[in-house]
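Each chain is listed here by its residues.
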Amino acid sequence: MSSDLNKKLFLIEKSETIGLILNADQNTPIVLDFDETLFLRNSTAEYLNALRPRLIALLLIKIISFFKPWSWLPKPFKGNKIKDWFLVVVPTILLPWTIFIWRIKAKKLAKDYSNSQLTEAVEKNSVSPIIIATLGFNFIINPILQHMPIRENMIIGCRFWRGAEDRGRGKLLMVQEALSEQLIKSAIVVTDSYDDLPLLKAVEKPCLVVWSLAKYIPPLKDVYL
């Protein structure tokens, strides 16, 4: 099946997605993507934008992007899937105070960019298990989730030190390690990413939805050398 057919197979309207969430029962897990779905920005990009000093941060990102260390790794870690792990881990180690800056910034981001349509639907459904599944990093998304008006029963995300391994495996394998085959099959999955097609194919009610207010903003784009 071509990629175009795959895309059409799961593309549905936002209203249909909300309806599925509202009507889901206690035996239907609701699996929500985070970046540009539950959170209307990209959490990794926003974290990199919080690096201080900004000029040093930009230089670090430029150097890492130039040498592309993710191209040196053996399979299955080799490739662009691992890129964000290097861009997050190296600056965080060299600029460790960013973690404290991020915790402050995350509160405002949660207020400004929570997907209210999704959070309100989840709030009205008090019985279904809510699972956040993302290739973002736990230490980045958790401070945002703490200030979002949403409950969650489980968070499946990438670890700090083993994030390259997590991203290399992909979201489907990460979810399979956390949930039983029966739960996955009966789940509703809501995501905006075509990269999640393997997970969408594995569930009963796949929802591939692009949210009009979601936006990717490149980190440190307003800093000039």
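Here the structure is shown first, and the text comes after it.
If you're wondering where the values come from, they're calculated on a predicted model, not measured in any experiment. (Residues numbered from 1 in each chain as written. Predicted model: local features only at pLDDT ≥ 70, side-chain atom pairs only at ≥ 80, totals over all residues. Heavy atoms only, no water.)

**Q** Sorry if this is basic, but what is going on with the overall build of the protein here?
**A** What the protein contains, in helices and strands, is twelve helices and five strands. Reported as C-alpha extents along the three principal axes, the dimensions of the protein are approximately 50 × 40 × 30 Å. Per-residue burial for the protein yields a buried fraction of 48% across its 225 residues. Of the charged side chains in the protein, 29 are positive and 22 negative, and the gap between their average positions amounts to 7 Å. (Helix = DSSP H or I, 4+ residues; strand = E, 2+ residues; numbered from the N terminus. Buried < 20%, exposed > 50% of the residue type's maximum accessible area, 1.4 Å probe, protein only. Lys, Arg positive; Asp, Glu negative; His and termini not counted. Charge placed at Lys NZ, Arg CZ, Asp CG, Glu CD.)

**Q** Looking at this model, I keep getting lost on the pattern of salt bridges. Mind explaining?
**A** Side-chain pairs of opposite charge can arise where the charged atoms are in close proximity. One pass over the full model with this rule turns up ten salt bridges. Among the ionic pairs, aspartate 84 bridges to arginine 167, the shortest N-O distance being 3.6 Å. Placement of aspartate 84 in helix α5 (residues 83-94) and of arginine 167 in helix α9 (residues 163-169) is noted, with a sequence separation of 83 residues between them. In this structure aspartate 84 comes out as partly exposed when scored by relative accessible area, which is 24%. Assessed through its relative accessible area of 11%, arginine 167 is described here as buried. In this structure, arginine 169 and aspartate 166 form a salt bridge, with 2.6 Å as the shortest nitrogen-oxygen distance. Here the residue arginine 169 and the residue aspartate 166 both occupy positions in helix α9, the gap between them amounting to three residues, near one helical turn. On the accessibility criterion, arginine 169 (24% relative accessible area) is partly exposed. (Salt bridge = Lys/Arg side-chain N within 4 Å of Asp/Glu carboxyl O.)

**Q** I'm lost on the sheet that holds strand β3 (residues 154-158) in this one. Help?
**A** Whether parallel or antiparallel, the strands of a sheet pair through hydrogen bonds between backbone atoms. In spatial order, the strands read β3-β2-β1-β4-β5; together these five strands make up an open sheet with parallel pairing. A single partner strand is all that each edge strand has here, and the edge strands are β3 and β5 (205-208). Adjacent strand axes in the sheet meet at a mean angle of 15° when their direction is disregarded. With four bridges joining them, strand β4 (residues 188-191) and β5 adopt parallel strand pairing. The residue of β5 that forms the bridge with threonine 191 is leucine 208. (Pairing = 2+ DSSP bridges. Axes fitted to C-alpha atoms, helices over the stretch in contact; angles between N-to-C directions.)

**Q** What should I look at first to understand the nonpolar core in this one?
**A** Core analysis: the biggest nonpolar cluster contains 67 residues, and Leu32, Phe34, Leu38 and Met148 have the highest contact counts within it. Discounting chain neighbours no more than four positions away, the residues touching leucine 32 are Leu38, Leu118, Val122, Ile130, Ile131, Ile132, Ala133, Ile150 and Val190. (Core = buried A, V, L, I, M, F, W, Y, C linked by side-chain atoms within 4.5 Å. Contact = heavy atoms within 4.5 Å.)

**Q** Help me out: how do you make sense of unusual backbone geometry in this one?
**A** Peptide bonds are mostly trans, and most non-glycine residues show a negative phi. Here the residue pair arginine 52 and proline 53 is connected by a cis peptide bond, since its omega of -5° sits within 30 degrees of zero. The topology assignment puts proline 53 in the loop between α3 (43-49) and α4 (54-67). Positive phi, normally seen in glycine, also occurs at lysine 68, with a value near 50°. Along the chain, the position of lysine 68 falls in the loop between α4 and α5. Take lysine 68: its relative accessible area is 41%, and that puts it in the partly exposed class.

**Q** Would you mind showing me how to read the side chain of threonine 119 here?
**A** When you line up the elements, threonine 119 lands in helix α7 (residues 116-124). Among the polar contacts made by the side chain of threonine 119, one reaches the main-chain carbonyl oxygen of serine 116 at a distance of 3.2 Å. (Polar contact = N/O pair within 3.5 Å; in protein donor to acceptor, adjacent residues only side chain to side chain.)

**Q** What's the story with the environment of phenylalanine 77 in this structure? I'm lost.
**A** Within the secondary structure, phenylalanine 77 is located in the loop between α4 and α5. In this structure the C-alpha to C-alpha distance between phenylalanine 77 and arginine 167, which are 90 residues apart in sequence, comes to 8.0 Å. Apart from residues lying up to four places away in sequence, phenylalanine 77 is in contact with Trp70, Ile82, Ala164 and Glu165.

**Q** Explanation requested: the packing of aromatic side chains in the structure shown.
**A** What describes a pair of aromatic rings is the distance from one ring centre to the other and the angle between the planes of the rings. In this structure the tally under the stated criterion is nine aromatic pairs. For the pair tryptophan 70 and phenylalanine 86, a centre-to-centre distance of 6.2 Å together with 50° between the ring planes defines the contact as tilted. Of this pair, tryptophan 70 sits in the loop between α4 and α5 while phenylalanine 86 sits in helix α5; the two residues are 16 residues apart in sequence, bridging distant segments of the chain. For the pair tryptophan 70 and phenylalanine 86, a shared accessibility class is recorded, and that class is buried. Measuring from ring centre to ring centre gives 5.2 Å for phenylalanine 139 and phenylalanine 160, while their planes differ by 80°; the resulting arrangement is edge-to-face. Residue phenylalanine 139 is found in helix α8 (residues 138-145), and its partner phenylalanine 160 is found in the loop between β3 and α9; the two are separated by 21 residues along the sequence. A network of ring pairs unites the aromatic residues Tyr47, Trp102, Phe139, Phe160 and Trp161 as a single cluster. (Phe/Tyr/Trp six-rings, centres within 6.5 Å; stacked < 30°, edge-to-face > 60°.)

By themselves, these observations are geometric and do not establish any function.
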